Every structure is written in structure tokens, then in C-alpha cells.
Amino acid sequence: MAENPPRIILVGRPNVGKSTLFNRLIRSNRAITHDRPGITRDRMDGVVRRKDMPVFGIVDTGGITLDAHAMVVEGPEGIRGFEQDILNQTEAALKDATAVAFVVDGRDGLLPLDEHLAAHVRRKGLPTLCVVNKVDGAEHEDERMAEFHALGFPLLAVSAEHGHNMNALVEDLIALLPEDSSEEPPAPPTLRLAMLGRPNAGKSSLINALSGEDRMIVSDVAGTTRDSVDVRFTKNGKDYVFVDTAGVRRRTKISDSVEKYSVNSAIKSTTKADVTLLTLDAAEGVSQQDKRLMDMLNTRKTPFMVLINKCDLAPRNALDQLRKNVNELLSFCPHVPVLLVSALKGKDIGKILPLAQKIHDECSVRITTGKLNRAMEEVLTRHQPPVVKRVRAKFFYLTQAESEPPTFVFFVSDAERVPESYTRYLERALRKIFEISHAPMRIHLRSSHKKKTA
């Protein structure tokens, strides 16, 4: 496995444009950006790649106030109450950092908070570049950079929003790296896992419990997580990436534009993950939104499992009833596994990653045509298709069209004469024969009037 590239941390007070800069550098709209201060709370990792240049990591962090007590009352609404958590996340990122990009706002000029934060960064002793953001062209550079010389860092004027000086920024950041920096990108992770669920179901707590570190900010306040945050970690010699997402509420209840971005990002993250972990709150039970999410994941044939978190807070009889309710809701996709877990107490946390790996392995299965057709004969002998309109459909041939998820195509005399109940029987039989317990599966019936030859 290639070593991880050196990492540069974006640091600055709230609303100076760190997330917009992060998105520009990684060439992807991963971090949510908004005019409102305090949108970013958790730190977010990305990789900067440019042709013929060393690869390096970039980390977006929340806006730092340094004065947690005063800012609880006076600070921007988005970070009120999270000041210490954001500072802790930034401090943890700085421990592994190679250099710092200290971001300031060229339109606002040098503020006392910038000076306090610059002194804090200076004490870390890391190579630092002061990035003067929101400078929309070379004609404004001298005017908007002048007072930032007082900070004593090398300066570069950029506009993250309009892309001004972005190539120069990448070059200046590379200049901060040690000369022996590897040009190899990090090895791809073994497994990408997406957390999905309603606000405050305990998704961030589960990630912290699984990764063994306080990687995500955890709070009783619903909606603490906003960005879809990638958390890389290694467990038992295997590499994982967890994508923690914002809580998903019903769209009719979403009036806040930031939450709308968060929810869209959460749904999108499930399409990029290998396995999705749908997290329910044992104390809250199953909501209509949970049912919608299950239906969406099943319809899209997304590999997923259901985690009933906070099971330590619910009485035994209530838990049994909840599990029964969940299994009934999953009757249309009975292959989906359900685990009762507690991030706080550590109950059955160790079962999650092996089960996710099993689901992913099953998704990748490829079965030879010979084995498939022997299986088809066995299945048809055991239970023939029913007679529909005085005719029994004839099955000629079976093939696997694709994997991820496994997709099987039956060639039959008349697909319309095969009822849905028999299609479900075919799926159950194939799952049993080929030991595909938990992966989603697609079964297609295709009308054909002659037997195919292998």
C-alpha cells in the first residue's frame, strides 16, 4: 500500500472561504459552501492532484474563534456551542499536518481574530502560507494584501469563488512540502461505507466507536453533521473510508437551504459507497422517513444493512417489538441484515465491519454459465413454473449479466406468463445455492422463442 501523501491544513476564522477553496483544490464540490458563517464543523480530507506535480492531501476545517466562552453568546449561529469541538478537530488535524494554509478575507481586511489565530498557528512551528481570499483580480492585490504583511507569513492573493491564482496557489503549497514528498496517490481504500439516517440517530458516534478515535463532532443537537465527511482508518489490517452524512428528514420539513444541501449530499453519498449503513434510533422507533429510505435503497439495489443504534436505552420488550417491525418493513428485501448495536456501550460494534465486507464480497460474485444452468435445472425440477392462461412458461437459459449487484437474466418462452411470486422463488433459490445471503440481486426475465446455445 502506498503511503498517504503529506497533508496541508486549511485554517482560518469563520466565513473566510476555506470550504470553497477546498472544493477548488480537489476539483469537486465535496464541502458544502454558503454565505452563512459556521457551515463547516467536522474536518474533511481531500487529495490535490495536478499533472506532473506531487500529490498532497488537503484538510478543510471549521472556522475557529479561539474564544469559546464569548462566542457561545456572540458568535455566528452556525458554530454557536460547537466552538471547542471545532477547535479540537483542528488541533487533531494539525498534529498530522505537514504545513498550514492560513486563510483570511481580503475584503474584510486584517481583524483581531485573524491576528490571534495567526499567533496560535505560528506556535505550531509548521511551514505556513497566508492565503488572502476574495481578491478577484490582480488589480486588487496590492490594496487587499497590504495589511496582512504584518502577520509575517508569505502571502498569496486568490479568489476561490472565481478561480483567480489557483495554479499559483497549488505551486506555493507544494513549495511548503518536504522535498522527498511522494508523487504516488494514496492506495484506494478496501471498503467505502456510507452512514445514512435521520438526524441524531448516532451516526457520528458509531463512526467514532468503529474508528477508535473522536473523529466526528458528536452532540445531542440534531443536525450537527452537515457535510458528507470522509473518515479514513485502518482496522485489523484493512483500510476503510466512512462517509458520515447529515441526518435526512422529510423534504417537506426542510426549509433551511444548508440542510437541503446536506440532505442531497447524504443521498448522493450512498451511490458512491460500497455498502450503506442505515442507522435507526432504538428510542425513537421506525419513522415514515426511515421507511422511505429503506424503500429508496431497495429500489436502487444499494447494498445496505440496518443498524438499530442506542439499543441500551430501550427496554428488552420494546427492542424485540422494534426488531419485529423492522423485519416486517424489510419483507420486500429480506436479505438485508439487521443489527442491534450501541455506540455508547460498544454492543456488537465488532460485527459491523465484517458484515459490511461480506455484503461487498457477495456483490462482486461472478458465476460461470455452466454452474448457473445446472442450478436452473435443479430449481425448475424442485418447483415448476405455474400454468398461466393454460400455458406453462418454458425456461431455456440463464446467464449473469453483471455484478455489483449480481444480475441474472432468464431466457423464457414468455416472460409475461411468469408471476412475480415465482420470480421471488427463483431469487431465493439462487441465493441459497450460491450463498448470496445479504447482497441485493436483480432478476430479469427475457422472452425468447428458442433455446440459446452456450
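Look above for the structure.
Procedures and definitions
- Residues numbered from 1 in each chain as written.
- Predicted model: local features only at pLDDT ≥ 70, side-chain atom pairs only at ≥ 80, totals over all residues.
- Heavy atoms only, no water.
- Buried < 20%, exposed > 50% of the residue type's maximum accessible area, 1.4 Å probe, protein only.
- Helix = DSSP H or I, 4+ residues; strand = E, 2+ residues; numbered from the N terminus.
- Pairing = 2+ DSSP bridges.
- Core = buried A, V, L, I, M, F, W, Y, C linked by side-chain atoms within 4.5 Å.
- Contact = heavy atoms within 4.5 Å.
- Axes fitted to C-alpha atoms, helices over the stretch in contact; angles between N-to-C directions.
- Parallel < 35°, antiparallel > 145°, perpendicular 65-115°, else oblique.
- Nonpolar A, V, L, I, M, F, W, Y, C, P; charged D, E, K, R; others polar.
- Salt bridge = Lys/Arg side-chain N within 4 Å of Asp/Glu carboxyl O.
- Phe/Tyr/Trp six-rings, centres within 6.5 Å; stacked < 30°, edge-to-face > 60°.
- Lys, Arg positive; Asp, Glu negative; His and termini not counted.
- Polar contact = N/O pair within 3.5 Å; in protein donor to acceptor, adjacent residues only side chain to side chain.

Chemist: Tell me about the pairing of strand S11 (residues 304–309), and please be specific about residues and values.
Modeler: The element S11 is extensively covered by neighbouring structure, given that six of its six residues are classed as buried. Residue alternation in S11 divides its side chains into two sets, Phe304, Val306 and Ile308 and Met305, Leu307 and Asn309, and both sets are buried. In the sheet, strand S10 (residues 275–281) pairs with S11 via six bridges, with the strands oriented parallel. In the strand pairing of S11, Thr276 is matched with Phe304.

Chemist: Give a description of the environment of Gly46 that names residues and reports values.
Modeler: Here Gly46 lies in strand S2 (residues 44–48). Residues Gly46 and Phe22, 24 residues apart in the sequence, show an inter-C-alpha distance of 7.9 Å.

Chemist: Now, about the nonpolar core: what can you tell me, with residues and values included?
Modeler: Ranked by internal contacts, the top residues of the largest apolar core, which has 26 residues, are Leu21, Phe56, Ile58, Leu169 and Leu173. Counting only elements with at least two residues in this core, the list comes to strand S1 (7–11), helix H1 (18–26), S2, strand S3 (56–60), strand S4 (99–105), strand S5 (128–133) and helix H6 (166–175). When residues of this core are assigned to their parent elements, the largest contribution, five residues, is made by H6. Sequence-distant contacts of Ile58, that is, excluding residues within four places in its chain, are made with Ile8, Leu10, Phe22, Leu25, Ile26, Met44, Asp45, Gly46 and Val48.

Chemist: Tell me what's going on with the packing of H1 against H6, and back it up with residues and numbers.
Modeler: Running from amino to carboxyl end, H1 crosses H6 at an angle of 85°, the nearest separation of the two axes being 11 Å. What the angle tells us is that H1 and H6 run roughly perpendicular. Contacts between H1 and H6 involve Leu21, Arg24 and Leu25 on the former and, on the latter, Met166, Leu169, Val170 and Leu173. Residues belonging to the contact of H1 with H6 are distributed by class as follows: six nonpolar, no polar and one charged.

Chemist: Requested: an account of the pattern of salt bridges, with residues and values cited.
Modeler: Considering all chains together, one arrives at 14 salt bridges under this definition. The shortest N-O distance in the salt bridge between Lys310 and Asp281 comes to 3.2 Å. Here Lys310 is found in the loop between S11 and helix H10 (316–329), whereas its partner Asp281 is found in strand S10, with 29 residues between them in sequence. For Lys310, a relative accessible area of 19% gives the class buried. When salt bridges that share partners are traced, they join Arg13, Asp108 and Asp114 into one network.

Chemist: Requested: an account of the packing of aromatic side chains, with residues and values cited.
Modeler: A ring pair, where both rings are aromatic, is described by two values, the distance of the centres and the angle of the planes. Under the counting rule described, the total for this entry stands at seven aromatic pairs. Ring plane angle 80° and centroid distance 5.6 Å describe the contact between Phe395 and Phe410, whose orientation is recorded as edge-to-face. With Phe395 in strand S15 (residues 395–402) and Phe410 in strand S16 (residues 407–412), this residue pair connects regions lying 15 residues apart in the sequence. The same class applies to Phe395 and to Phe410, which are both buried.

Chemist: Now, about the sheet that holds S3: what can you tell me, with residues and values included?
Modeler: Here six strands make up an open sheet; going across it, the order is S2-S3-S1-S4-S5-S6 and the pairing mixed. If you trace the sheet from one side to the other, it starts and ends with S2 and strand S6 (155–157), each paired once. For this sheet, the mean angle separating the axes of adjacent strands, direction not counted, is 25°. Sheet topology note: the S4/S5 ladder contains six bridges and is parallel.

Chemist: Describe the sheet that holds S15, listing the residues and the values that go with them.
Modeler: Within a beta sheet, neighbouring strands are joined by backbone hydrogen bonds and run either parallel or antiparallel to one another. A sheet is described by the order of its strands in space; here three strands give the open sequence S15-S16-S17, paired in mixed fashion. A single partner strand is all that each edge strand has here, and the edge strands are S15 and strand S17 (442–447). On average, each strand axis in the sheet is inclined to that of its neighbour by 25°, with strand direction left out of account. Relative to S16, S15 runs antiparallel, the two being bridged by six bridges. Paired with Gln400 across the strands is Phe408, a residue of S16. Packed onto the sheet, helix H13 (residues 420–434) meets S15, S16 and S17 and runs at close to 125° relative to S17.

Chemist: I'd like a description of the side chain of Asp60, backed by residues and values.
Modeler: For Asp60, the location among the structural elements is in strand S3. Here Asp60 occupies a buried position and makes no salt bridge, while the nearest side chain of opposite charge, Lys18, is found at 5.8 Å. A polar atom in the side chain of Asp60 sits 2.6 Å from the side chain of Ser19.

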